[in-house]
Amino acid sequence: MKPPASTTILGIETSCDETAAAVLDGEGHVLANVISSQQTVHERFGGVVPELASRAHIQNVDHVTRQALDAAGLTWQDLGAIAVTQGPGLAGALLVGISYAKSLAYALGIPLVGVSHLEGHIASAWIDRPSFPRTCVVLIASGGHTHLFHATEHGGFHLMGRTIDDAAGEAFDKGAQMLGLGYPGGPLIDAAARKGSPAAVRFPRSRVRTGQLDFSFSGLKTALLYHLQRMDQEAIVRQQADLAAGYQEAIVDVLVRQTFAAVRQAGVSALAVVGGVSANSRLRARLTERAAGEGIELGLPALSYCTDNAAMIAAAGQRALEQGRLASFECEAMPNYALPASSGGETMRRRS
Ligand code: KG4
Ligand code: ZN
């Protein structure tokens with residue numbers, strides 16, 4: 001089955017705690033982008049419970065997909081291909097989306113493409129800006145990843161640096177928990193920090209000796225813990241905004257420092273920053289200011305494409321289709337999948 005080079009594509013994303021479906025037209029315009037969050041299912045546990053995530057995906061995936069199709073004003077017969085997240089993610093959660101996508105593709109007789117969730121995040125930078133340079137540095141900062149890639153014109157992604165412990169999103173989530181802000185932590189720290197001063201409390205900025213472009217956030221988390229242990233509960237509540245602002249600033253400082261060092265090292269003039277943490281208002285402001293100062297073209301996805309969504313999966317699916325990367329009906333969930341070997345997946349595996 002040979003797909004047309006550009007076609008209306010349905011994207012399905014169920015790798016973690018969002019059930020999402022989106023439709024893009026043949027030119028890559030987003031016709032619909034529906035996200036059903038499981039936040040209320042998981043918040044009382046302070047994190048994602050895999051079994052509950054799978055169950056919620058089963059309950060939601062068909063409904064969310066039909067909603068996306070309706071919002072796009074299309075019928076099943078208008079679809080030319082289906083893209084689904086194959087990994088990385090929770091095995092059971094991934095399996096729900098994959099099984100559903102397979103059955104749809106089979107019933108409709110259209111091609112199926114399996115894409116990496118990371119490819120999806122990367123593709124999000126181009127959704128609203130198709131002319132953004134393909135040769136650039138990409139920072140993916142999410143709940144599970146903090147990785148710097150040198151992206152090349154022909155679709156290669158060469159790993160330049162990555163976190164050696166916690167991901168940036170994880171640092172936000174754990175910090176928020178310690179500060180009594182709740183789950184998920186990123187948006188809550190972001191909001192609290194707006195009412196505080198980033199200079200009121202200074203937390204350490206980590207440096208990794210081995211890999212100059214690597215990140216480390218576990219020391220920062222410990223520094224916050226020790227700092228809070230020296231305070232009484234009342235003071236923590238009173239200073240919550242300043243603590244959130246200081247903690248956020250330490251994460252943002254390290255992200256900005258390492259990312260611009262990678263831009264210099266790669267010798268590129270464009271930078272894309274993607275993943276849930278790229279929704280952070282302070283990070284966006286700091287990146288924008290620095291990029292303008294250094295004459296670097298900055299690609300930041302719209303907020304709705306930063307955190308997990310299916311528009312990015314459909315967008316990555318369109319590129320995978322162009323490369324002829326079709327999935328068979330035997331394709332499986334790949335919980336540890338990084339990037340396809342053809343785009344530098346080997347590099348990623350060697351180093352992680
Ligand atoms: O990309 P994403 O939705 O899921 C993963 O692939 O992990 O990223 C989720 C992460 C969470 O850790 C969440 O706290 C963080 O992104 N996040 C933020 C913000 N919005 C989401 N972190 C900082 N500031 C935000 N505004
Ligand atoms: Zn994600």
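Residues numbered from 1 in each chain as written. Chains lettered and ligands numbered in written order. Predicted model: local features only at pLDDT ≥ 70, side-chain atom pairs only at ≥ 80, totals over all residues. Heavy atoms only, no water.

Points about the overall build of the chain
In terms of regular secondary structure, the chain is built from twelve helices and ten strands. The C-alpha radius of gyration of the chain comes to 20 Å, within 12% of the 20 Å expected for a compact globule of 352 residues. Each of the three principal axes of the chain carries a C-alpha extent, and together these read 65 × 45 × 35 Å. Split into buried and exposed, the 352 residues of the chain put 56% on the buried side. (Helix = DSSP H or I, 4+ residues; strand = E, 2+ residues; numbered from the N terminus. Rg over C-alpha atoms; globule rule 2.2 N^0.38 Å. Buried < 20%, exposed > 50% of the residue type's maximum accessible area, 1.4 Å probe, protein only.)

Comments concerning the site of ligand 1
The immediate surroundings of ligand 1 are formed by 17 residues, with G143, D173, G186, D190 and D308 found nearest. One of the side-chain N or O atoms of H121 is found 3.0 Å from an oxygen atom in ligand 1. In this structure, G186 approaches ligand 1 through a main-chain N or O atom, which is 3.0 Å from an oxygen atom. Burial of ligand 1 by the protein chains amounts to 87% of its free accessible area of 550 Å². Those elements that place two or more of their residues in the shell around ligand 1 are α4 (117–127), α5 (168–178) and α6 (185–193). (Near = heavy atom within 4 Å. Polar contact = N/O pair within 3.5 Å; in protein donor to acceptor, adjacent residues only side chain to side chain. Areas by Shrake-Rupley, 256 points an atom, 1.4 Å probe, with all protein chains shown as cover.)

Remarks on the coordination of the zinc ion (ligand 2)
Those donors, H117 (NE2), H121 (NE2) and D308 (OD), are the protein atoms that reach the zinc ion (ligand 2), and they lie 2.0 to 2.1 Å from it. Each donor residue of the zinc ion (ligand 2) lies on the same chain, and together they follow the pattern H-x3-H-x186-D. In this pair, H117 and H121 are both assigned in helix α4, four residues apart and thus about one turn of the helix distant. (Donors = N, O, S within 2.8 Å, 3.2 Å for Na, K, Ca; no water.)

A word on the sheet that holds strand β1 (residues 9–13)
In a beta sheet, neighbouring strands are held together by backbone hydrogen bonds and run either parallel or antiparallel to one another. Pairing is mixed in the open sheet, where five strands are placed in the order β3-β2-β1-β4-β5. Each edge of the open sheet is held by one strand with a lone partner, namely β3 (30–37) and β5 (112–116). Sheet twist, expressed as the mean angle between neighbouring strand axes with direction ignored, is 20°. Bridge count for β1 against strand β2 (residues 18–24) is five bridges, and the pairing is antiparallel. Looking across to β2, one finds that G11 is bridged to A22. Where α4 meets the sheet, its contacts fall on β1, β3, β4 (81–87) and β5, and the angle it forms with β5 comes to roughly 90°. (Pairing = 2+ DSSP bridges. Axes fitted to C-alpha atoms, helices over the stretch in contact; angles between N-to-C directions. Contact = heavy atoms within 4.5 Å.)

Details of unusual backbone geometry
Omega for the bond connecting G87 with P88 falls within 30 degrees of zero, at -5°, which places this linkage in the cis form. Tracing the chain through its elements places P88 in the loop between β4 and α3 (91–108).

Observations regarding the pairing of β1
For β1, a buried count of five out of five residues is recorded, marking the element as mostly surrounded by other parts of the structure. Where β1 folds back on β2, the antiparallel hairpin that results is connected by four residues. Where β1 lies against β4, four bridges are found, and the strand directions are parallel. The residue of β4 that forms the bridge with I12 is V84.

Brief notes about the domain arrangement of the chain
Considered domain by domain, the chain is made up of domain 1 (9–124 + 305–341) and domain 2 (131–300). Each of domain 1 and domain 2 has a C-alpha centre, and the two are 26 Å apart. With 16 residues of domain 1 at the interface, the matching set in domain 2 holds 16 residues. In total, about 1400 Å² of surface goes out of reach between domain 1 and domain 2, with carbon and sulfur atoms giving 70% of it. (Domains from an automatic or database assignment. Buried area = accessible area lost by both parts, 1.4 Å probe.)

Concerning the packing of aromatic side chains
The geometry of an aromatic ring pair comes down to the distance between the two centres and the angle between the two planes. Summed over all chains, the structure comprises five aromatic pairs. Relative to F157, the ring of F149 has its centre 6.2 Å away and its plane inclined at 75°; by these criteria the two rings are edge-to-face. Classification of F149 as buried rests on a relative accessible area of 0%. (Phe/Tyr/Trp six-rings, centres within 6.5 Å; stacked < 30°, edge-to-face > 60°.)

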